[in-house]
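Letter by letter, the chains look like this.
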Amino acid sequence: MIGVLIALGGEQAVEWLHHDAELRDTREALMKEIATNVRRADFSAREDRCVFGALDRYVELARAGRPKPPLPWVNPLYTTTIWDASQSGAVTRLPLEEKFRLATFYDSVRALQGLGATQRAQMTHGARYLSVPDLTLAEVREVVMTASEQQTILRAKIANEKALVQQAAALGVHPTRVSASAEQSAIRACELAGLPPPRFDQPLSPPAPDAFTADIRKAD
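Since we're looking at a predicted model, the values are computed, not measured. (Residues numbered from 1 in each chain as written. Predicted model: local features only at pLDDT ≥ 70, side-chain atom pairs only at ≥ 80, totals over all residues. Heavy atoms only, no water.)

A. The arrangement of the overall build of the chain in detail. The number of helices and strands found in the chain is five helices and zero strands. Counting helices and strands in the order they occur from the N terminus, the chain gives α-α-α-α-α. Relative to the compact-globule value of 17 Å for 220 residues, the chain shows a C-alpha radius of gyration of 23 Å, a clear excess of over 25%. Counting only C-alpha atoms and orienting by the principal axes, one finds that the chain spans roughly 90 × 30 × 30 Å. For the chain, the residues scored as buried account for 42% of the 220 residues in total. Considering only contacts within the chain whose residues lie at least 6 apart along the sequence, 82% involve residues at least 24 apart. Roughly 11800 Å² of accessible area belongs to the chain as shown, and the carbon and sulfur atoms make up 59% of that amount. (Helix = DSSP H or I, 4+ residues; strand = E, 2+ residues; numbered from the N terminus. Rg over C-alpha atoms; globule rule 2.2 N^0.38 Å. Buried < 20%, exposed > 50% of the residue type's maximum accessible area, 1.4 Å probe, protein only. Contact = heavy atoms within 4.5 Å. Areas by Shrake-Rupley, 256 points an atom, 1.4 Å probe, with all protein chains shown as cover.)

B. Layout of the pattern of salt bridges. Under the counting rule described, the total for this entry stands at 10 salt bridges. The partner of Asp-84 in a salt bridge is Arg-110, and the shortest N-O contact between them spans 2.4 Å. With Asp-84 in helix α2 (residues 81-85) and Arg-110 in helix α3 (residues 96-126), the pair connects residues that are 26 residues apart, well separated along the chain. Among the salt bridges present, the one from Lys-162 reaches Asp-220, with a minimum N-O distance of 2.6 Å. Here Lys-162 is found in helix α4 (residues 137-170), whereas its partner Asp-220 is found in the segment after α5 (180-193), with 58 residues between them in sequence. Assessed through its relative accessible area of 7%, Asp-220 is described here as buried. Overlapping salt bridges bring together Asp-48, Lys-157 and Glu-161 as one network. (Salt bridge = Lys/Arg side-chain N within 4 Å of Asp/Glu carboxyl O.)

C. Expanded view of the nonpolar core. Ile-34, Leu-102, Phe-105, Tyr-106 and Leu-164 are the most contacted members of the largest nonpolar core, which totals 25 residues. Those elements that place two or more of their residues in this core are α1 (2-64), α3 and α4. When neighbours within four sequence positions are excluded, Tyr-106 is seen to be in contact with Leu-30, Glu-33, Ile-34, Asn-37, Thr-79, Thr-80 and Trp-83. Core analysis: the next-biggest nonpolar cluster, separate from the first, contains 24 residues, Val-51, Leu-55, Tyr-58 and Val-59 among them. (Core = buried A, V, L, I, M, F, W, Y, C linked by side-chain atoms within 4.5 Å.)

D. Up close: the side chain of Thr-79. Mapped onto the fold, Thr-79 is located in the loop between α1 and α2. A residue is classified by how much of its surface remains accessible, and Thr-79, at 19% relative accessible area, is buried. Side-chain polar atoms of Thr-79 contact the side chain of Thr-81, separated by 3.1 Å. Beyond its immediate chain neighbours, meaning those up to four positions away, Thr-79 contacts Glu-33, Thr-36, Asn-37, Arg-40, Tyr-106, Val-109 and Gln-113. (Polar contact = N/O pair within 3.5 Å; in protein donor to acceptor, adjacent residues only side chain to side chain.)

E. How the structure looks around the side chain of Thr-146. Examined against the element boundaries, Thr-146 turns out to sit in helix α4. When near neighbours in sequence (up to four residues on either side) are disregarded, Thr-146 contacts Gln-122, His-125 and Gly-126.

F. Here's a closer look at the state of the cysteines. All chains considered together, the criterion is met by one disulfide. Here Cys-50 pairs with Cys-190 through a disulfide, and the sulfurs are 2.0 Å apart. Measuring handedness by torsion sign, the sulfur bridge of Cys-50 and Cys-190 sits at about -70 degrees and is left-handed. Taken together, the positions of Cys-50 in helix α1 and Cys-190 in helix α5 put the pair 140 residues apart, joining distant regions of the chain. Among the residues examined, Cys-50 registers a relative accessible area of 0% and is labelled buried. (Disulfide = S-S within 2.5 Å.)

G. Empty space enclosed by the protein, seen in detail. Summed over all chains, the structure comprises one cavity of 30 Å³ or more. Considered as a void within the structure, the largest cavity measures approximately 40 Å³ in volume. Arg-39, Asp-42, Phe-43, Arg-46, Thr-176, Arg-177, Val-178, Glu-183 and Phe-200 are the residues that line the largest cavity. A per-element tally of the lining of the largest cavity places α1 first, with four residues. Class assignment of the residues belonging to the lining of the largest cavity gives a composition of three nonpolar, one polar and five charged. (1 Å grid on protein atoms, 1.4 Å probe; cavity = no way out; pocket = protein on both sides within 12 Å on 5 of 7 lines; lining within 4 Å. Points joined across faces, edges and corners; volume = space filled by probe spheres on them. Nonpolar A, V, L, I, M, F, W, Y, C, P; charged D, E, K, R; others polar.)

H. Spotlight on unusual backbone geometry. Despite not being glycine, Asn-75 shows a phi value in the positive range, around 50 degrees. Secondary-structure assignment places Asn-75 in the loop between α1 and α2. When its relative accessible area of 6% is taken as the criterion, Asn-75 is described as buried.

Now the structure itself:
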């Protein structure tokens, strides 16, 4: 009988060690995924400011009947692969408060995925007029309306990106810089818009109290 109990105790100890290692590996993988998302959010908030201003420029060019240059645009994608894969495993054994903080962060990531998809669809729609030299009055109106719709999405997207950076900081994760080529792309978008270049060497400013009245064009 004692031998059976010892054997059962040994099995439980092995199982506990397995679960502990799995939990540790999952936390490490989640922190890496969070770091990826926050790096992209930090960059995208800066790039989106440039895109916001460039849309004003495109409207001016459309109204004047002038050529419209291609818009440099990276728009990095967000990922929830690790979080999704761990839902039925190690995440279920996380302390409730930690699980809540992670779930809140990933809810914000999913919101940004939706806003990014909408933005890509709008940009694709608006790009139809880039190569058209002489737009009709109806087409100019379409450009104006499409740009306004895109800027509405950009206001919400920038606010959410900045909020995601703050949420990640509360988890102990801070953004690192993206590639030099991506940064140069955002700088060219700001040049097209006639705006100051992004300040990649400085922390991102916090989200404005009201995203829909904030001065999006202010350097960040």
